[in-house]
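One letter stands for each residue in the lines below.
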Amino acid sequence: MFKKKAASLIFLTGLFLACFFSSLVAQSSLLCKLRFYEGLRTIGYETPTVVTSSYLSPLITANIPSSLDPNEERKQIRRVFNLIDVRLLTEADVALSAFQKAMTHVLSFDHREMAVTISQVWRGVASRANVSPWNQLEVSIAELSGQERTPLLETEIIIPPKNVAVIGFESRDGLPYFLSLHVFPPATEKLGETKEKEEGVVGGVTGGVIGGVQTSESGAVRAIGNIRPPQLIKKVNPIYPEEAKKKGLEGVVILEAETDTFGNIVRTQILRSVPEFDQAAIEAVRQWKYAPAIINGKPRGVIFTVTVSFRLKN
Amino acid sequence: MAACKFYQFLIRFLPLTWLKDWAIRHHAEACPVCTRKLAQKEEVVSLLPLPTKPEKAQILWLRIHQRLEQERTQTEPSPRPRVRLKWAAAGLSFCLVLIVSLFFIFYPEKKKPQAAPEASEVHFQIIRFQVKDRPAAPVIYKPFGSQLIFIWAQSPKNNSIN
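Residues numbered from 1 in each chain as written. Chains lettered and ligands numbered in written order. Predicted model: local features only at pLDDT ≥ 70, side-chain atom pairs only at ≥ 80, totals over all residues. Heavy atoms only, no water.

Peer 1: Help me out: how do you make sense of the overall build of chain B in this one?
Peer 2: Regarding its fold elements, chain B presents six helices and four strands. Along chain B, from the amino end to the carboxyl end, the secondary structure elements read α-α-α-α-α-α-β-β-β-β. Counting only contacts in chain B whose residues sit at least 6 apart along the sequence, the fraction spanning at least 24 positions is 20%. Surface accessibility of chain B: about 12,700 Å² in total, with carbon and sulfur atoms responsible for 62%. (Helix = DSSP H or I, 4+ residues; strand = E, 2+ residues; numbered from the N terminus. Contact = heavy atoms within 4.5 Å. Areas by Shrake-Rupley, 256 points an atom, 1.4 Å probe, with all protein chains shown as cover.)

Right under this line is the structure:
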């Protein structure tokens, strides 16, 4: 009798402690929304319409409130840097917690591969100035070519609350790229945010981080950290819907895709929807073929993110 | 006689009851001297097969009842305080964990106004800036009224955007 009661007491205490620690982790997670843009200096250059990138948690994407519209952002970038055009390549949300202080997001397009690493810095200026250090970040951007890694930019910055840092840099061959960094402080440190927003973010982080690290039911591995997204070897261009063309609509659809061990697309799921283009994007992506991913010497299915841009030529 | 002394020594000083029991059954029951001596010791009276005296049924039942009562009072109270103590300790530690956890959960909320930095307190700052593995001077521009801060990483080879 006593043993049973003691066991139930221990179980309840354990449950309580688990809830307590998960709530602490969720509250102390720093969220970053990354947007990756490509700048055009000349008219003749065609920007890529398809970008394959690391896995994004749909829960995080759905929950992080976007403070600034990407269209508005790209217009400002174009104006400030005096460019012919600026195109959004991809968008990603990353969460940094006490247990995961750095996050790498890899994106590949047009046989070019770039890795963006964001890490939280808990030393140096912010600590000395007696300022909460959540907004002191280390940003590192590198161009990847096989095993070769060419550092393009490395910086350590402090971003004030409610501000967005747009970092411009050049690739190895001199093309301009821009990384916009929206930083959302941990729930316990938020300033001027509404209660609804806080709740949304906290829930998103918990599910997102846990789900992002695990392997899927089918055995496919999520392309996170050291696992790079696979290389696209056969691409079928999406058909621009006639109605959208008539209306002059443009948009960016983000999908989650899963490959089998042979590199065929077996599953797609919309993460960022533009109703007019969703079906066209899914139909195109389902016909693509990726290079089989070899992880730890074995062919494995991979889950990653695909960004499909629908742009009118003129 | 020497055997008697040996068995009496065993019965008197041995801590193990089963050995005492063996000594009584092996020697004392057969030896009248030892039986008499043992009969004087209260604690072994019950172990000896004393000649039974006819008793009245009422007295016998009274004695049985008293004996049962005595046994119950002797056995029950001893473990109770221990169990209670264990439960009290478990409950106390649970309450302690609960209070500490609640304190940690709600403390930052109360502390927020002092701990969280004001928007004006934290300024944009670049601590380190390297372009293509070489220290570089960034170009920073913040349009008035905009929440965007533009930073251009000037390449060491090419210092212009266009």
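Anyway, onward from the coordinates.
Peer 1: Explain the pairing of strand 9 (residues 176-184) of chain A here, please?
Peer 2: Where a strand is regular, its side chains alternate between the two sheet faces. Residues and elements named next belong to chain A. In terms of burial, strand 9 is largely enclosed, as nine of its nine residues are buried. Bridging between strand 1 (residues 30-40) and strand 9 involves eight bridges; their strand directions are antiparallel. Paired with Tyr37 across the strands is Phe178, a residue of strand 9. In this structure, strand 8 (residues 164-170) lies alongside strand 9, joined through seven bridges in antiparallel fashion. The partner of Gly168 across the bridge, within strand 9, is Phe178. Hairpin connection between strand 8 and strand 9: a loop of five residues separates the two successive antiparallel strands, and Gly174 in this loop has a positive phi of roughly 85°. (Buried < 20%, exposed > 50% of the residue type's maximum accessible area, 1.4 Å probe, protein only. Pairing = 2+ DSSP bridges.)

Peer 1: Could you clarify how one ought to interpret the side chain of A:Thr117 in this entry?
Peer 2: Residues and elements named next belong to chain A. Examined against the element boundaries, Thr117 turns out to sit in strand 5 (residues 112-120). The exposure class of Thr117 is buried, given its relative accessible area of 16%. A distance of 3.2 Å separates a polar atom in the side chain of Thr117 from a polar atom in the side chain of Thr104. Beyond its immediate chain neighbours, meaning those up to four positions away, Thr117 contacts Met103, Thr104, Glu138, Val139, Ser140 and Arg149. (Polar contact = N/O pair within 3.5 Å; in protein donor to acceptor, adjacent residues only side chain to side chain.)

Peer 1: Even after reading the chapter, I still don't get the layout of surface pockets, so can you show me in this structure?
Peer 2: Any empty space left between atoms is shown by rolling a water-sized probe over those atoms. Residues and elements named next belong to chain A. The computed volume of the largest pocket comes to approximately 750 Å³. Taken together, 29 residues line the largest pocket, and the ones lying closest to its centre are Ser108, Glu113, Pro229, Pro230 and Gln231. Counted by class, the lining of the largest pocket contains 14 nonpolar, nine polar and six charged residues. (1 Å grid on protein atoms, 1.4 Å probe; cavity = no way out; pocket = protein on both sides within 12 Å on 5 of 7 lines; lining within 4 Å. Points joined across faces, edges and corners; volume = space filled by probe spheres on them. Nonpolar A, V, L, I, M, F, W, Y, C, P; charged D, E, K, R; others polar.)

Peer 1: Help me understand the confidence of the model for chain A in this model?
Peer 2: Parts of the prediction with low pLDDT should not have their coordinates interpreted in detail. Residue and element names in this part refer to chain A. Scored by pLDDT, chain A comes out at a mean of 76, with 72% of its residues at no less than 70. Within chain A, the lowest mean pLDDT, 33, falls on helix 5 (residues 195-213), and the highest, 92, falls on helix 7 (residues 278-285). Considering only residues more than four positions removed or in separate chains, one finds that residues 188-214, a stretch of pLDDT under 50, has 47 contacts. (pLDDT = per-residue confidence, 0-100.)

Peer 1: Explain the pattern of salt bridges to me, please; I cannot follow it from the model alone.
Peer 2: It is possible for side chains bearing opposite charge to pair when their charged atoms get close. Residues and elements named next belong to chain A. A full pass over the atoms with the stated rule returns 19 salt bridges over all chains. Where Arg41 meets Glu170, a salt bridge forms, and the shortest distance between an N and an O atom there is 2.9 Å. Placement of Arg41 in the loop between strand 1 and strand 2 (50-53) and of Glu170 in strand 8 is noted, with a sequence separation of 129 residues between them. The exposure class assigned to Arg41 is partly exposed, which follows from its relative accessible area of 24%. (Salt bridge = Lys/Arg side-chain N within 4 Å of Asp/Glu carboxyl O.)

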